[in-house]
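Fold and geometry: a report
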Amino acid sequence: MEYKIHFAPLQGYTDAVYREVHAQVFGGVEAYYTPFVRVEKDGFRNKDIRDITPDRNVDTPVVPQLIAATPDEFRRLTALFLGQGYRQADINMGCPFPMQARLHRGAGILSYTEEAVALLQVIREFPEMNFSVKLRLGWDSPDEVFALLPCIDSLPLTHVTLHPRIGRQQYKGCADMDSFTRFYEGCTHPLFYNGDLNSLDDIDRIISRYPCLSGVMLGRGLLSSPWLAEEYLTGKSLTDTEKKVRLLRFHTLLFEKYSAILEGGEHQVLAKMKTLWDYLLPDAEKRLRKKILKSNQLSTYQQAVKELLQP
């Protein structure tokens, strides 16, 4: 069986530029998800609309993701996606950020089964849209996702992605693999696993344990090792030299594209480029990573990157 790899969305990192350049330089990803789009102050944020516009997502297999607390928000977001030409959308019921959770969005809605069911039933109002859903086990307890499972199984979903932590854990502590196993055995839809997949061994371990998975979703693992999906898909590991050559091209293209669209001058471009290193190459030489992160001019930043990525 061929398992698929999806790229999880991360706010502030996986924007349209990043997705496009990753697909161009590395690839191996079947679907890239946009950071969630939400209703805010009775409208949409301009940055969210720009990120999903078709002209910024021409050559990348993109799925827009929505986060909503009410059926009305859900309808408005789905209408936005349809108006942009999308026929596939993902529903975020897994975000653990407290600011969203307290509004009953993301993982925060899982504590309120009736609200979650009402939200998901809106799917039936849009037969022209193919929906998937990304979940956590709950906010406070895994019991929450199992209370919702009959509803999930009854809906026309393309697939489900489950991260086996509760929202209160954020990204800390151990994944609850016993609860994932129970969900895996009870879910009737194609299922993707998400969480703590940072290497080929991690991916192989999950797929060996759960052979009926449709695939896995990677987030931080791909931000730190952008070649991971390609290596899995081809079955061939890149050499250290090959990684550095590709990373240099990856970095160069990102730099060119961000420089072309960001309007805040050198400091904004520098700030944006430095965010890459929040995750990228965590095991690289500390002295050189520190030099990159402490750069306060583009020239010193680029010199530090060149030093780190020289083959």
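Below you will find a few notes about this structure.

Rules of the game
- Residues numbered from 1 in each chain as written.
- Predicted model: local features only at pLDDT ≥ 70, side-chain atom pairs only at ≥ 80, totals over all residues.
- Heavy atoms only, no water.
- Phe/Tyr/Trp six-rings, centres within 6.5 Å; stacked < 30°, edge-to-face > 60°.
- Helix = DSSP H or I, 4+ residues; strand = E, 2+ residues; numbered from the N terminus.
- Buried < 20%, exposed > 50% of the residue type's maximum accessible area, 1.4 Å probe, protein only.
- Lys NZ or Arg CZ within 6 Å of the ring centre and 35° of its normal.
- Pairing = 2+ DSSP bridges.
- Contact = heavy atoms within 4.5 Å.
- Axes fitted to C-alpha atoms, helices over the stretch in contact; angles between N-to-C directions.
- Core = buried A, V, L, I, M, F, W, Y, C linked by side-chain atoms within 4.5 Å.

**Some details on the packing of aromatic side chains**
Overall, the coordinates contain eleven aromatic pairs when judged by the stated rule. With centroids separated by 6.3 Å and ring planes inclined at 55 degrees, the aromatic side chains of Phe146 and Phe183 adopt a geometry described as tilted. Of this pair, Phe146 sits in helix α6 (residues 143-154) while Phe183 sits in helix α7 (residues 177-186), and the two are 37 residues apart along the sequence. Across the pair, Phe183 and Phe146 agree in class, each one buried. Geometrically, the ring pair formed by Tyr184 and Tyr210 is edge-to-face, given 4.9 Å between the ring centres and 65 degrees between the ring planes. Pair noted here: Tyr184 is in helix α7 and Tyr210 is in the loop between α8 (200-209) and β11 (215-218), with a separation of 26 residues, a long-range link. The exposure class of Tyr184 is buried, given its relative accessible area of 19%. Ring-pair connections join several aromatic residues into one group, and the members of that group are Phe7, Tyr18, Phe26, Tyr32 and Phe250. Here Arg76 stacks its cationic end above the ring of Phe44, 5.7 Å away from the centre of that ring. Of note, Arg220 hangs over the ring of Tyr171, and the distance from its end group to the ring centre comes to 4.0 Å.

**Brief notes about the sheet that holds strand β1 (residues 4-7)**
The nine strands lie next to each other as β5-β2-β1-β11-β10-β9-β8-β7-β6, forming an open sheet whose pairing is parallel. Where the open sheet ends on each side, the last strands, each with one partner, are β5 (62-63) and β6 (65-66). Strand direction decides the pairing type here: β6 and strand β7 (residues 88-93), joined by two bridges, are parallel. Bridging from a neighbouring strand, Gln65 pairs with Asp90 of β7. Against the sheet, helix α1 (residues 16-25) engages β1, β2 (31-33) and β5, with an angle of about 160 degrees to β2.

**Let's talk about unusual backbone geometry**
Phi is positive for Lys41, which is not a glycine, with a value near 55 degrees. As for its placement among the helices and strands, Lys41 is situated in the loop between β3 (39-40) and β4 (43-44). For Gln170, which is not glycine, the phi torsion reads 55 degrees and is therefore positive. Inspection of the secondary structure puts Gln170 in the loop between β9 (157-166) and α7.

**A closer look at α1**
Extensive coverage of α1 is indicated by the burial of seven of its ten residues. Buried residues along α1 sit against β1, β2, α2 (46-52), β5, α9 (220-224) and α11 (240-261). In the segment just after α1, Gly27 is the residue with positive phi, at about 75 degrees.

**Observations regarding the nonpolar core**
Within the largest apolar cluster, 98 residues are counted, with the highest numbers of intra-cluster contacts made by Met93, Phe131, Leu135 and Phe183. Not counting residues within four places of it along the chain, the set of residues in contact with Leu135 comprises Met93, Gly94, Leu110, Val145, Leu148, Ile152, Val160, Thr161, Leu162, His163 and Phe183. Grouped together as the second largest cluster of nonpolar side chains are five residues, Ala8, Ala31, Tyr33 and Met217 included.

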